[in-house]
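# Descriptive structure summary
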Amino acid sequence: MSFTGNMPATLFWECLLRIFLAALCGLVIGFERKARLKEAGVRTHLIVALGAALITIVSKYGFFDLALFAEGIKADPTRIAAQIVSGVGFLGAGMIFMRHRTLTGLTTAAGIWTTAGIGMAVGCGLYAVSLFSTALVVLTQLMLHRDYRWTRARMYGCVPAHAAGPVRSAAGAGGPG
């Protein structure tokens, strides 16, 4: 048994590159979230992307040697990918909180889930897709975090309770009716 298992050396080094690239993608997304003092920052996003890539690589290449020894055994890498999506969804659910009638953590949870998807894409060797997705996530976070007029809820006829001001009674005096 060699250091690379039953994997050819070129594939082994490519898998290491995939894990490293996934970690870099998670790092970039994590830096943006850390700059905004969000719950999940650099380490969380980096580890989620790296872990998703690792698990995807294991599901894609880790069991191909079974076919050499036993007939009738079928490996289905999509089963592992589905478990990554479910598991990271559970992780993200732990980041969503309701405080003072305000929901927080949704963007962080979505970011963690998307970072896992990016890690899975890198694990499958879809480099351009993963790099494009990383850039799009960071650009989205940067651009839509600002208070542009077109992003305000008032445009759509819904005004948040804290922005509407105090509720007045029918008499208009502000006191009991």
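Residues numbered from 1 in each chain as written. Predicted model: local features only at pLDDT ≥ 70, side-chain atom pairs only at ≥ 80, totals over all residues. Heavy atoms only, no water.

## Notes on the packing of aromatic side chains
For the structure shown, the criterion picks out one aromatic pair. Ring geometry for Phe12 versus Trp13: centroids 5.1 Å apart, planes at 75 degrees, classification edge-to-face. Looking at Trp13, the relative accessible area reads 57%, which means it is exposed. (Phe/Tyr/Trp six-rings, centres within 6.5 Å; stacked < 30°, edge-to-face > 60°. Buried < 20%, exposed > 50% of the residue type's maximum accessible area, 1.4 Å probe, protein only.)

## Here's the deal with the environment of Thr108
Assignment of secondary structure puts Thr108 in helix α5 (residues 106-123). Overall, the relative accessible area of 2% leaves Thr108 in the buried class. A sequence separation of 15 residues divides Thr108 from Ala93, and the C-alpha atoms of the two residues are 9.7 Å apart. Residues in contact with Thr108, not counting those within four places in the same chain, are Arg33, Lys38, Glu39, Ala40 and Met95. (Helix = DSSP H or I, 4+ residues; strand = E, 2+ residues; numbered from the N terminus. Contact = heavy atoms within 4.5 Å.)

## A closer look at the packing of helix α1 (residues 9-35) against helix α2 (residues 42-61)
At a minimum axis distance of 7 Å, the contact between α1 and α2 shows a crossing angle of 155 degrees. Put simply, α1 runs roughly antiparallel to α2. Considering only the axes of α1 and α2, their crossing is right-handed. By residue class, the composition of the contact of α1 with α2 is 16 nonpolar, three polar and four charged. (Axes fitted to C-alpha atoms, helices over the stretch in contact; angles between N-to-C directions. Parallel < 35°, antiparallel > 145°, perpendicular 65-115°, else oblique. Left-handed = near helix turned anticlockwise from the far one by under 90°. Nonpolar A, V, L, I, M, F, W, Y, C, P; charged D, E, K, R; others polar.)

## Some words on the pattern of salt bridges
Using the criterion set out here, one finds two salt bridges in the structure. For the salt bridge of Glu14 with Arg18, the shortest nitrogen-to-oxygen distance reads 2.7 Å. Here Arg18 and Glu14 lie together in helix α1, a separation of four residues that amounts to about one turn. In this structure Glu14 comes out as partly exposed when scored by relative accessible area, which is 29%. For the salt bridge of Glu32 with Arg33, the shortest nitrogen-to-oxygen distance reads 3.3 Å. When its relative accessible area of 6% is taken as the criterion, Glu32 is described as buried. Overall, the relative accessible area of 3% leaves Arg33 in the buried class. (Salt bridge = Lys/Arg side-chain N within 4 Å of Asp/Glu carboxyl O.)

## A look at the packing of α2 against α5
Relative to each other, α2 and α5 sit at 40 degrees, their axes nearing to 7 Å. By the angle between their axes, α2 is oblique relative to α5. For α2 against α5, the interelement crossing comes out right-handed. On α5, the residues touching Thr44, His45, Val48, Ala49, Ala52, Ala53, Thr56 and Ile57 of α2 are Gly111, Ile112, Thr115, Ala116, Gly119, Met120 and Gly123. Among the residues forming the contact of α2 with α5, the class breakdown is eight nonpolar, seven polar and no charged.

## A closer look at the environment of Thr134
With respect to the helices and strands, the residue Thr134 is situated in helix α6 (residues 127-145). Taking the C-alpha atoms as reference points, Thr134 and Ala22, 112 residues apart in sequence, are found 9.6 Å from one another. Discounting chain neighbours no more than four positions away, the residues touching Thr134 are Cys25, Val28, Ile29 and Ile118.

## Topic: the nonpolar core
Leu21, Ala22, Cys25, Ile29, Ala49, Ala53, Ile118, Val122, Val137 and Val138 together form the largest nonpolar core, which totals 10 residues. Looking at this core, the elements with two or more residues in it are α1, α2, α5 and α6. Looking at this core element by element, the count peaks at four residues for α1. Residue contacts for Ala49: discarding those within four places in its chain leaves Ala22, Gly26, Thr115 and Gly119. (Core = buried A, V, L, I, M, F, W, Y, C linked by side-chain atoms within 4.5 Å.)

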